[in-house]
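If you want the building blocks of each chain, they are given just below.
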Amino acid sequence: MANVNAAFGMRPVRHLDGSPWNGKVTQYAVLAANASAIYVGDPVIAAGDSGAAGVETYGQDIEGMRAVSVAAAGDTLLGVVVGFSPLQTNLETLHRAASTARIAYVCDAPDVIFEIQEDSVGNNITATMVGLNTDIVYTAGSTLTGRSAVELDSSGTGTATAQLRILGLSKHRGNELGADANYDVIINEHEFKQTTGL
């Protein structure tokens, strides 16, 4: 049976020690000055700033709260968005629209394994590519569902330094090697794995 082409971004499934993902997240600000939309399942990077003194986002103090922005291929990742604080002006908005202040809930633990669909552009991932590294391919998500459309770059595998390491085919019914397969990955280029010395 062929795999279904239904990209969903990245979703946390478990920790490297085999325990289920515990649901823990960190709150990060997405400042109104940020002109990029962000969707649930999008990987994010540090934006290089934080909430200003006295600033609130829908009643929550974000002073000094670190800000994030959506990631692109090649970026060192901070984590993956799993949700947002409610948009009080429109509770049906599940993503973060461009230039809208929100608080993102980010799975930023460096030992979390995520599931992601390959893009199957150029080639499909094969059994011999498991264990290799590759980057994300960014496509804007759905404003209806709020879900990401980020995928795994199936034609860029094998690079020594890349964002994700392929751990294996995701094990669930209907998922098989071939076009649009889902894979378990860990963030290889993670901000909290970097060391720069003292």
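Scoring rules and cut-offs
Residues numbered from 1 in each chain as written. Predicted model: local features only at pLDDT ≥ 70, side-chain atom pairs only at ≥ 80, totals over all residues. Heavy atoms only, no water. Helix = DSSP H or I, 4+ residues; strand = E, 2+ residues; numbered from the N terminus. Rg over C-alpha atoms; globule rule 2.2 N^0.38 Å. Buried < 20%, exposed > 50% of the residue type's maximum accessible area, 1.4 Å probe, protein only. Contact = heavy atoms within 4.5 Å. Areas by Shrake-Rupley, 256 points an atom, 1.4 Å probe, with all protein chains shown as cover. Lys, Arg positive; Asp, Glu negative; His and termini not counted. Charge placed at Lys NZ, Arg CZ, Asp CG, Glu CD. Pairing = 2+ DSSP bridges. Polar contact = N/O pair within 3.5 Å; in protein donor to acceptor, adjacent residues only side chain to side chain. Salt bridge = Lys/Arg side-chain N within 4 Å of Asp/Glu carboxyl O. Core = buried A, V, L, I, M, F, W, Y, C linked by side-chain atoms within 4.5 Å.

A. Geometry of the overall build of the chain. Looking only at helices and strands, the chain has 0 helices and 14 strands in total. Counted from the first residue to the last, the chain has its helices and strands arranged as β-β-β-β-β-β-β-β-β-β-β-β-β-β. Computed over the C-alpha atoms, the radius of gyration of the chain is 17 Å, within 12% of the 16 Å expected from 2.2 N^0.38 for a compact globule of 198 residues. Dimensions along the principal axes, computed over C-alpha positions, put the chain at roughly 55 × 45 × 30 Å. Within the span of the chain, comprising 198 residues, buried residues form 44% of the whole. Sequence separation of 24 or more characterises 74% of the internal contacts of the chain that already satisfy a separation of 6 or more. Here the chain displays about 9,300 Å² of accessible surface, and carbon together with sulfur accounts for 54% of that area. Distance from the positive charge centre (11 side chains) to the negative charge centre (21 side chains) of the chain: 6 Å.

B. Quick look at the pairing of strand β14 (residues 182-187). When you tally the buried positions in β14, you get 6 out of 6 residues, the bulk of the element. Of the two faces of β14, the one lined by N182, D184 and I186 and the one lined by Y183, V185 and I187 are each fully buried. Alignment of strand β9 (residues 112-117) against β14, held across 5 bridges, turns out to be antiparallel. The partner of E115 across the bridge, within β14, is D184.

C. A look at the side chain of S170. Structurally, the position occupied by S170 is in the loop between β13 (164-169) and β14. Within the local environment of S170, its side chain forms a polar contact with the backbone nitrogen of Y183, the two atoms lying 3.5 Å apart. What S170 contacts, discounting residues up to four positions off in sequence, is E115, N175, N182, Y183 and D184.

D. Region of interest: the pattern of salt bridges. Across all of its chains, the model carries 3 salt bridges by this definition. In this structure, R11 engages E115 in a salt bridge whose closest nitrogen and oxygen atoms are separated by 3.6 Å. With a gap of 104 residues between them, R11 in strand β1 (residues 11-15) and E115 in strand β9 connect regions that are remote in the sequence. Given a relative accessible area of 35%, R11 falls into the partly exposed group.

E. Fine view of the sheet that holds β1. If you trace the 5 strands from one edge of the open sheet to the other, you get β1-β9-β14-β13-β10, paired in antiparallel fashion. Every other strand in the sheet has two partners, leaving β1 and β10 (133-134) as the edge strands with one partner each.

F. Focus on the environment of S120. Structurally, S120 is set in the loop between β9 and β10. Distance from S120 to D153, taken between C-alpha atoms, is 7.5 Å for residues 33 residues apart in sequence. Sequence-distant contacts of S120, that is, excluding residues within four places in its chain, are made with S154, G178, A179 and D180.

G. The arrangement of the nonpolar core in detail. Formed by 21 residues in total, the largest nonpolar core has its most connected members in M10, F114, L152, L164, Y183 and V185. Elements represented by at least two residues in this core include exactly β9, β13 and β14. In this view, M10 contacts G41, P43, V80, F114, E115, I116, R147, L164, V185 and I187; residues no more than four positions away in its chain are not counted. Of all hydrophobic cores here, the second largest spans 12 residues; its members include Y28, V30, I38 and A104.

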